[in-house]
Amino acid sequence: MDKIRKPTIWTGVLVGVCLTAPLIAVFYLVQQLVGTVFVPFDVFDWVGRVAPGGLVRFGIETIVQIITTLKIGNLDSAAKTAEQTMAISGMFVTCVVVSAVLYGLLPRFKTSQVPLAGLVAGLIIGVPVMLISAAVDINSTQSELVNAIWILLGFMVWGLALGWVYNRLTVSSVTTASESAMVESIDRRNFLIRLGGATAAITLVGAGLGAALRRTTAPSNEVALNTDTSGAALQPWSATHKLPNDGDPVIPAAGTRPELTPVGQHYRIDINTIPPRIAESEWKLSVGGLVDEPFEMTLAELKSKYQPVDEFVTLACISNPLAGELTSTTRWTGVKLKDFVADMHLKSNATHLKITSADNFDEFVDIETINKDERVMLAYEWDGLPLAVDHGFPLRVYIPNHYGMKQPKWITTIEAVDSWHEGWWVRRGWDKDAIMEATSVIDTVAVNDTVTKDDKKLIPIGGIAHAGSRGISKVELKVDDADWVEAELRKPISDVTWVIWRYDWPFSEGSHTFTVRCTDGEGTLQKEANRTPGPGGATGWHHIGQTV
Ligand SMILES: Nc1nc2c(c(=O)[nH]1)N[C@H]1C(S)=C(S)[C@@H](COP(=O)(O)O)O[C@H]1N2
Ligand SMILES: [Mo]
């Protein structure tokens with residue numbers, strides 16, 4: 001009697017794993033080679049855009065908390081890596097599940113129908129992925145048509161392969177002889193081992209080659225154009241200039257973070273697994289809405305038409321945990337938004353600007369703020385170099401006193417409108433004003449760098465304090481239960497940057513708790529209550545324990 005042995009759902013899981021890994025690896029390799037889309041990231045970015053705000057906020061806070069608790073390196077780059085890992089695992093698991101379901105259903109089909117069923121399974125994932133990718137992708141250098149064909153082809157081959165493997169694993173035992181059954185099961189096992197070996201090889205070669213190619217392209221946290229037209233390497237402003245507070249008598253305690261953050265170390269936060277890489281030649285700023293006449297402007301025109309202005313700026317993310325790393329300082333160069341607005345010839349009912357970015361991020365700024373605060377700028381340089389890809393090349397906006405979420409990078413469009421609306425993160429539940437909370441941080445208790453004053457050995461303690469554009473009037477430190485003592489303040493490099501503080505502590509040996517708090521320039525004491533970042537920014541006094 002003929003006995004048919006058919007693969008099970010579990011075989012479907014196994015084969016799904018074997019075939020999905022090379023599919024993702026090949027998508028990755030081809031992306032690195034010719035700039036097609038990398039579908040797992042597109043799907044992940046899309047989920048982040050359509051998921052409810054509360055869920056996205058919860059997700060971000062969980063990632064930040066895990067990384068901070070486990071101390072896995074740099075918070076922002078670890079968070080990006082976590083997102084990318086989730087993106088790839090999400091795609092992987094989805095495909096494996098579809099494969100398992102397919103193998104569960106295939107026993108109902110005739111052998112000749114199996115390839116078609118596999119193809120359909122491939123399209124069930126391929127078609128939605130193709131549509132999602134067409135809607136959200138901002139990185140591909142290939143046309144939408146090429147990408148659509150490539151995605152469909154990938155998933156169709158994947159589905160056909162599932163079907164082919166299924167048929168190959170379906171064996172009909174023509175005899176009941178145990179010897180022959182043994183031969184077949186050995187054959188099946190050998191086949192699965194060969195399949196596993198072959199797909200593992202494709203995966204490793206694809207992923208490895210892709211990674212190698214990636215390393216040869218410029219990292220996105222560096223400037224897009226690091227050479228000028230003559231081919232000479234451009235230098236950051238800070239390489240050849242002193243900071244404006246040079247010579248200030250308050251020297252930062254050893255271990256205090258740098259007063260100016262090197263651009264490559266500036267924190268990065270945005271909604272993209274891969275940042276938009278914009279070519280200057282293809283970019284124009286579009287201006288429209290309630291203006292007499294819409295117009296466009298190239299970066300070169302923007303730079304030549306307006307006198308450049310500079311400002312040292314401390315930027316912070318509203319998701320920065322207490323004393324976290326998501327805050328940095330650099331020198332911004334650009335044009336006064338006020339001057340630019342004057343040339344927009346606004347209609348009389350215009351009240352706000354809607355700023356939109358290449359990644360579809362958007363925010364609203366009221367025109368009154370722009371006209372009142374000359375520091376509001378459209379920036380195109382950081383530390384004297386064109387903005388890095390990660391940080392918004394070619395154009396971003398700066399609005400003092402507000403968290404980064406109000407300040408779009410990669411700007412493409414500015415529209416005058418007659419009412420305020422919720423911007424990207426506001427729609428997802430973050431604070432509508434996002435005014436920076438006062439914060440102060442202990443960076444260092446410099447036990448190895450004691451100083452001597454009046455024959456007394458002192459331990460320098462230091463860090464930063466910041467309160468948006470309100471300035472810092474006082475920083476106080478408390479050791480254990482002693483009274484608050486006032487720290488020395490170094491002159492800040494601008495009225496919107498952090499202030500470096502220092503206190504030389506007449507120490508006693510033992511283990512101690514240090515607490516810091518600040519008072520802003522308007523006389524308001526930093527909030528003591530511990531509050532997690534969402535929705536209005538973290539608050540609380542920072543303390544650390546240390547044995548001296
Ligand atoms: N287009 C765009 N602009 C954006 C964002 C974004 O996701 N897309 N993120 C904002 C947030 S939340 C912050 S904190 C700052 C961070 O700027 P940085 O990455 O250059 O430090 O960019 C802001 N501008
Ligand atoms: Mo942010």
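Procedures and definitions
- Residues numbered from 1 in each chain as written.
- Chains lettered and ligands numbered in written order.
- Predicted model: local features only at pLDDT ≥ 70, side-chain atom pairs only at ≥ 80, totals over all residues.
- Heavy atoms only, no water.
- Helix = DSSP H or I, 4+ residues; strand = E, 2+ residues; numbered from the N terminus.
- Buried < 20%, exposed > 50% of the residue type's maximum accessible area, 1.4 Å probe, protein only.
- Contact = heavy atoms within 4.5 Å.
- Areas by Shrake-Rupley, 256 points an atom, 1.4 Å probe, with all protein chains shown as cover.
- 1 Å grid on protein atoms, 1.4 Å probe; cavity = no way out; pocket = protein on both sides within 12 Å on 5 of 7 lines; lining within 4 Å.
- Points joined across faces, edges and corners; volume = space filled by probe spheres on them.
- Nonpolar A, V, L, I, M, F, W, Y, C, P; charged D, E, K, R; others polar.
- Domains from an automatic or database assignment.
- Pairing = 2+ DSSP bridges.
- Near = heavy atom within 4 Å.
- Polar contact = N/O pair within 3.5 Å; in protein donor to acceptor, adjacent residues only side chain to side chain.
- Salt bridge = Lys/Arg side-chain N within 4 Å of Asp/Glu carboxyl O.

Asks: What is the right way to read the overall build of the protein chain from this model?
Replies: A count of helices and strands for the protein chain gives 11 helices and 21 strands. Principal-axis analysis of the C-alpha atoms gives the protein chain an extent of 100 × 70 × 45 Å. The buried share among the 548 residues of the protein chain stands at 48%. Long-range contacts, defined as pairs at least 24 residues apart, comprise 75% of the intrachain contacts of the protein chain with a sequence gap of at least 6. Roughly 25,700 Å² of accessible area belongs to the protein chain as shown, and the carbon and sulfur atoms make up 58% of that amount.

Asks: Can you walk me through empty space enclosed by the protein in this structure?
Replies: Once rolled over the atoms, a probe with the size of a water molecule shows which space is left empty. A full pass over the atoms with the stated rule returns three cavities of 30 Å³ or more. Of the pockets and cavities examined, the largest cavity occupies roughly 210 Å³. Around the largest cavity, the lining is made up of 24 residues, and of these Ala316, Asn320, Tyr403, Glu437 and Thr439 lie nearest the centre. Those elements giving two or more residues to the lining of the largest cavity turn out to be strand E5 (309–316), strand E13 (439–445) and strand E15 (456–466). Residue composition of the lining of the largest cavity, by class: 13 nonpolar, 10 polar and one charged. Of the residues that make up the lining of the largest cavity, three or more belong to each of domain 2 (257–428) and domain 3 (439–547).

Asks: Where do I start with the pairing of E15 in this structure?
Replies: Regular strands place their side chains on alternate faces of the sheet. Among the 11 residues in E15, nine count as buried, and that is most of the element. The pairing of E13 with E15 spans six bridges and is classified as antiparallel. Bridge pairing in E15 links Val445 to Ile461. Sheet analysis places strand E14 (residues 451–453) next to E15, joined by three bridges and oriented antiparallel. Its bridge partner being in E15, Lys453 is matched across the sheet by Lys456. Where E14 hands over to E15, the hairpin turn is made up of two residues, of which Asp454 adopts a positive phi near 50°. Here E15 pairs with strand E19 (residues 499–505) via seven bridges, running antiparallel. Bridging across to E19, Gly463 finds its partner in Trp501.

Asks: Quick question: what am I supposed to make of the site of ligand 1 here?
Replies: Every one of the 21 residues lining ligand 1 counts as a neighbour, but Tyr267, Asp359, His391, Arg396 and Lys409 are closest to it. The backbone of Ile269 places a nitrogen or oxygen atom 3.0 Å from an oxygen atom of ligand 1. A distance of 3.1 Å separates a nitrogen atom of ligand 1 from a polar atom in the side chain of Ser357. Coverage of ligand 1 by the protein chains reaches 99% of its 530 Å² of free accessible surface. Among the residues forming the shell around ligand 1, the class breakdown is 11 nonpolar, five polar and five charged.

Asks: Would you explain the pattern of salt bridges in this entry?
Replies: Pairing is possible between side chains of opposite charge, provided their charged atoms come close. Scanning the entire structure with this criterion turns up 24 salt bridges. One salt bridge in this structure joins Asp495 and Arg375, with 3.2 Å as the shortest N-O distance. With a gap of 120 residues between them, Asp495 in the loop between strand E18 (488–489) and E19 and Arg375 in the loop between helix H11 (367–372) and strand E9 (377–382) connect regions that are remote in the sequence. For Asp495, a relative accessible area of 47% translates into the label partly exposed. Residue classification places Arg375 among the partly exposed residues on the basis of a relative accessible area of 22%. Each of Lys80, Glu83, Arg268, Asp270, Asp390 and Lys409 takes part in one network of salt bridges that share partners.

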